[in-house]
Amino acid sequence: MSVAAPQTINTGTWTIDKVHSHVGFAVKHMVVATFRGSFEDYDGALTVAEDGTPELQGRVAVDSIKVKDENLAGHLSSPDFFDTANHGEITFRSTSVDVAEDGRLEVEGDLTLKGHTHQVTARGSITGPHQDIAGNDKVGVELEAVIDRREYGLEWNAPLPKGGFALDNDVKLEVSLELVREDS
Amino acid sequence: MSTVLGISGSLRRDSHNTLLLRGAGTLLPRDAELVVFDRLGEIPPFNEDDEHQPPEPVLALKDAIAGADAVLISTPEYNHSIPGALKNALDWVSRPHAENPLQGKRAAVVGASTGLFGAVWAQAELRKVLGAIGAEVVDRELPIGQADEALGEEGLPLDRDAVDALSATLDELLDPSAGADAPTQLAA
């Protein structure tokens, strides 16, 4: 179960400021190069209960995936990867949120992708709260987690002519969130 | 003066592969020149009935290969393989066998694509086909992925390692003993 949030984070609901946030992923391809993509449509919140228990949850619209090549975007939407027509959302709900005194953050939770749900552990940091120029209370959350995409049914790959495979199976999920407290 | 015949596997006006060929031409030594064959789109479907009297664009390609010291092909990738127009042209060139100008000809393959993998599978299949035709094929690949951002205006890769790999490929194309210690694989 959850460990208490930092004393400085007020109870209530902190929602994502999408202008200043990023939800993306990184995967090795061609053995050594790194490819990054992102999603443009997502939302989520950090909710801190009266007893100080935090919960982080969010959803991503898979068809908002943003990559530079339209053919690649089409392939990523196909059943080889996300199968967007049948699985429109990626969801996450934390089962524990641990915050160290120095701001290090460890979040465990259930990630549902393409109809598969597995527990993942994300690590990173939380900063703030800080009051912005408009008087809103904000915190920053940085999290990374590594998943094996095959566990979620994203199994496409191809052997390279000179050895190795086109795509790594490990995918790093990269989340950078600016959260604003509602009614702050 | 050595002549390298450049063939782009793409017919597209603003082809990344045609651009990459031009970039490769700037890396050739002073005693070598790149001549680009730009009539691939004029070559009709191969018909064995006509192999002894091929259409004029086929004759032009065969003459250009015969007159060159080496052939450099830059290929895109369609459905993980060689573009049909390019494979078709090579089928013409290979026939009849006794007049095949690729027999014993030095050849190298590079490639670019806007996707992640830089036409790496098309390059492998093209090396296989060229070898089957009898060319002496440089066993190197140069996959330039995300080509719309990876190539400069002059056709050279913006990544220094990719330029070095292209140079090594050209060195080995012109001199089989060259580049023995150079890297053989490059990530896009």
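Notes on the structure follow. Numbering of residues starts from 1 in every chain and runs along the sequence as written. Starting at A for chains and at 1 for ligands, labels are handed out in the order in which the entities are written. Restriction of local features to residues with pLDDT of at least 70 applies here, the model being predicted, together with a cutoff of 80 or more for giving and counting side-chain atom pairs; totals for whole chains, interfaces and linings are based on all residues.

### Describing helix H2 (residues 56–67) of chain B
In an α-helix, one turn spans 3.6 residues, which is why side chains three or four residues apart end up on the same side. Residues and elements named next belong to chain B. A run of H or I in DSSP counts as a helix once it spans at least four residues, and a run of E counts as a strand once it spans at least two, with each numbered from the N terminus. A helix is expected to span 1.5 Å multiplied by its residue count minus one. With 12 residues, H2 ought to run about 16 Å at 1.5 Å a step, and its terminal C-alpha atoms sit 16 Å apart, in line with that. Exposure classes come from backbone-placed C-beta atoms, where a residue is buried if 20 or more other C-beta atoms lie within 10 Å of its own, exposed if 12 or fewer do, and partly exposed in between. Taken residue by residue, H2 has Val58, Leu61, Lys62, Ala64 and Ile65 as its buried positions. One face of H2 carries all of its buried residues, which in axial projection span an arc of 160°. Exposed positions of H2 whose direction lies more than 90 degrees from the buried face are Glu56, Leu59, Asp63 and Gly67. By the convention adopted here, residues make contact when the C-beta atoms placed from their backbones lie within 7 Å. Where H2 is buried, its residues contact strand E1 (2–8), strand E2 (32–37), strand E3 (70–75) and helix H3 (84–93). In this description, one arc is meant: the one made by directions from the helix axis to the C-beta atoms.

### Here we look at the nonpolar core
Buried together is how nonpolar side chains tend to be arranged in soluble globular proteins. Working definition: the nonpolar core is a set of buried Ala, Val, Leu, Ile, Met, Phe, Trp, Tyr and Cys residues, joined through C-beta atoms within 7 Å. Of all hydrophobic cores here, the largest spans 92 residues; its most connected members are Val71(B) and Leu72(B). Excluding anything up to four places from it in sequence, Val71(B) contacts Leu5(B), Ile7(B), Ile65(B), Lys105(B) and Ala107(B).

### Some details on unusual backbone geometry
Excluding glycine, residues mostly carry a negative phi; peptide bonds, for their part, are mostly trans. Residue Pro129(A) is reached from Gly128(A) by a cis peptide bond, and omega for that bond is 5°. Take Pro129(A): it is sitting in strand E9 (residues 116–131). Here the bond from Arg95(B) into Pro96(B) is cis, since omega is -15°, no more than 30 degrees from zero. Mapped onto the elements of the fold, Pro96(B) is located in the loop between H3 and strand E4 (106–112). Positive phi outside glycine occurs at Gln146(B), with the angle close to 45°. The residue Gln146(B) is located in the loop between strand E6 (143–144) and helix H5 (147–150) in this model.

### Quick look at helix H1 (residues 16–27) of chain B
For H1(B), spanning 12 residues, the distance from its first C-alpha to its last is 17 Å, which sits close to the expected 16 Å at 1.5 Å a residue. A large share of H1(B) lies buried, amounting to nine of its 12 residues.

### Description of the pairing of strand E3 (residues 33–39) of chain A
All names here are of chain A. Note on pairing: two strands pair once DSSP finds at least 2 bridges between them. By the bridge criterion, seven bridges tie strand E2 (residues 22–29) to E3 in an arrangement that is antiparallel. If you follow Val27 over to E3, its bridge partner there is Phe35. In textbook terms, the turn of a hairpin is the stretch between consecutive antiparallel strands, and for E2 and E3 this stretch comprises three residues, one of which, Met30, has a positive phi near 50°. Across two bridges, the pairing between E3 and strand E6 (residues 65–66) is antiparallel. When the bridges of E6 are listed, Ser38 appears paired with Lys66.

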